[in-house]
Amino acid sequence: MDLDYFMATYSIPPLGQHQLVELGIAGAIIFAILSIAVVVARYFGPGLAQRLEDNAVDARFPLATRAVAILRHLVAALLLAATLGFHDWTFYAQLAVGFTFAAASALFLKNLLIGLRISFPIVLAVSLVVFVFILSNAVGQLSSITSALDKAGFDIGNSRFSLLTIIKIVLALVILFALIRLANRGIKQMVRRNKALDEAQKLLTEKLAAVAILIAAFFVGIDMLGIDITAFAVFSGAFGLAIGFGLQKTFGNLIAGIILLMDRSIKPGDVIVVGESFGWVNKIGVRAVSVITRDGKEHLIPNENLMTQEVENWSYSSKNVRVHIPVGVSYRCDIHKAQELMLQAATDAKRVLNAPKPNVWMSGFGDSSVNFEILAWIKDPQEGVGNVKSEVLNRLWDLFKENDIEIPFPQRDINVRTIDDEFVDKIAARMLARGDEAAQPKAAVTKAAAKKS
């Protein structure tokens, strides 16, 4: 009696012979569609995965690893959707096709969103909602479910906020977020393959496209949710005030980053010095520039700082950088021979350029040495400067030893003019305390020499 009441309430017909025949036909079609989807995924999936892997601009989105599953569920969902609309099925056949269609759509969405690195709890919730809505629509119960969800809410003026509204908002945000990531990834791939643009122009194109996509997604989302855009007029003043005070630095850094890319004063790969930070530019982001030092430390410098502070760009017009290596030799050495050896040491270094050729300058006469400076050019400062100096100096050490060139060190001669008896007695006492057998004669000689002086 309860089963009959349930079937009557939801207009579920009894399972007759005609229903069984259509259910069997629907089952055979479902089996055929799933088989086709598996074959298509096995045949085209690996090629699609390889193409995604080859064109990947970064490793953040593991779409390639899920390409086969995404393709399989997409083909199944499209064919099942066509099957639903192709024929007016009886209830049980429609339920079977609708259930399979909902499951294929939910699995397609799940794999796609996970491939875009969206949080798994959000993916699971969205997939379940999509499954329930598609299945309900297939069996004609979508209106009853939406009515029930809409009743659990409240009215504010002419607007209705309910569970249905929350679900719509969440679905719209997740779908738009996924589309934004897909669009940004596609644009990055197109820009990276364009050989007519340099790195700065490519990055500028990517940033401007990302801003345009974000603005377009905002208006599309408003249209999807059915929000009247004139409602934002009330909040526009407060929103502008919030941007002026709270988000001033954020928007300032954004505009500064775009200007840096437009005038091409700083590009990814450039070697720059900002304050105490020295390294090469890894990435120019919306908020900051990433500078990696030779120690592997990554400094995030706000874009505004690069606009307002003094910046040394070693790669602005040319990547050639001159390295200064100071060297000192003894006054007793043949300085002309020493200069020849310095030039040879610089020339033997692997990273030192032959053009411009290295040079040696005498920089002055020091207290203990004749000072020179080796000037050598390199074209890859991002690989480090200290290692070039080390290589040249190591080679120069060997050459100096082979040719008896002395590297001096500071020396001082101390002449003692007067020594009192008390000081001599203290020295003799210390020598005796150490157990030196010859201390007494030595002390006597020292004392006599001191008196004589």
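**Considerations on the packing of helix 5 (residues 120-138) against helix 7 (residues 163-193)**
Their axes nearest at 11 Å, the elements helix 5 and helix 7 cross at an angle of 120 degrees. The chirality of how helix 5 crosses helix 7 is left-handed. Of the residues in helix 7, those in contact with Ile-122, Val-126, Val-129, Val-130 and Phe-133 of helix 5 are Leu-164, Ile-167, Leu-171 and Val-174. Here the residues of the contact of helix 5 with helix 7 are counted per class, giving 9 nonpolar, no polar and no charged.

**A short note on the packing of aromatic side chains**
Counting across every chain of the model gives 3 aromatic pairs. With a centroid separation of 4.7 Å and 85 degrees between ring planes, the pair formed by Tyr-43 and Phe-44 is classed as edge-to-face. Judged by relative accessible area, which is 65%, Tyr-43 ranks as exposed. Geometrically, the ring pair formed by Tyr-331 and Phe-365 is stacked, given 6.5 Å between the ring centres and 20 degrees between the ring planes. Separated by 34 residues along the polypeptide, Tyr-331 in the loop between strand 8 (321-329) and helix 12 (335-348) and Phe-365 in strand 9 (residues 359-365) bring together distant segments of the chain.

**Quick word on unusual backbone geometry**
For the bond running from Ala-355 to Pro-356, omega is 0 degrees, close enough to zero to count as cis. Tracing the backbone through its elements, the reader meets Pro-356 in the loop between helix 12 and strand 9. Even without glycine at this site, Asp-404 takes up a positive phi of about 55 degrees. The residue Asp-404 is located in the loop between helix 13 (386-402) and helix 14 (421-433) in this model.

**A short note on the pattern of salt bridges**
A full pass over the atoms with the stated rule returns 3 salt bridges. We note a salt bridge from Arg-332 to Glu-406, for which the minimum N-O separation is 3.1 Å. In this pair, Arg-332 sits in the loop between strand 8 and helix 12 while Glu-406 sits in the loop between helix 13 and helix 14, placing the two residues 74 residues apart along the sequence. With a shortest N-O distance of 3.1 Å, Arg-351 and Asp-380 are connected by a salt bridge.

Thresholds applied
Residues numbered from 1 in each chain as written. Predicted model: local features only at pLDDT ≥ 70, side-chain atom pairs only at ≥ 80, totals over all residues. Heavy atoms only, no water. Axes fitted to C-alpha atoms, helices over the stretch in contact; angles between N-to-C directions. Helix = DSSP H or I, 4+ residues; strand = E, 2+ residues; numbered from the N terminus. Left-handed = near helix turned anticlockwise from the far one by under 90°. Contact = heavy atoms within 4.5 Å. Nonpolar A, V, L, I, M, F, W, Y, C, P; charged D, E, K, R; others polar. Phe/Tyr/Trp six-rings, centres within 6.5 Å; stacked < 30°, edge-to-face > 60°. Buried < 20%, exposed > 50% of the residue type's maximum accessible area, 1.4 Å probe, protein only. Salt bridge = Lys/Arg side-chain N within 4 Å of Asp/Glu carboxyl O.

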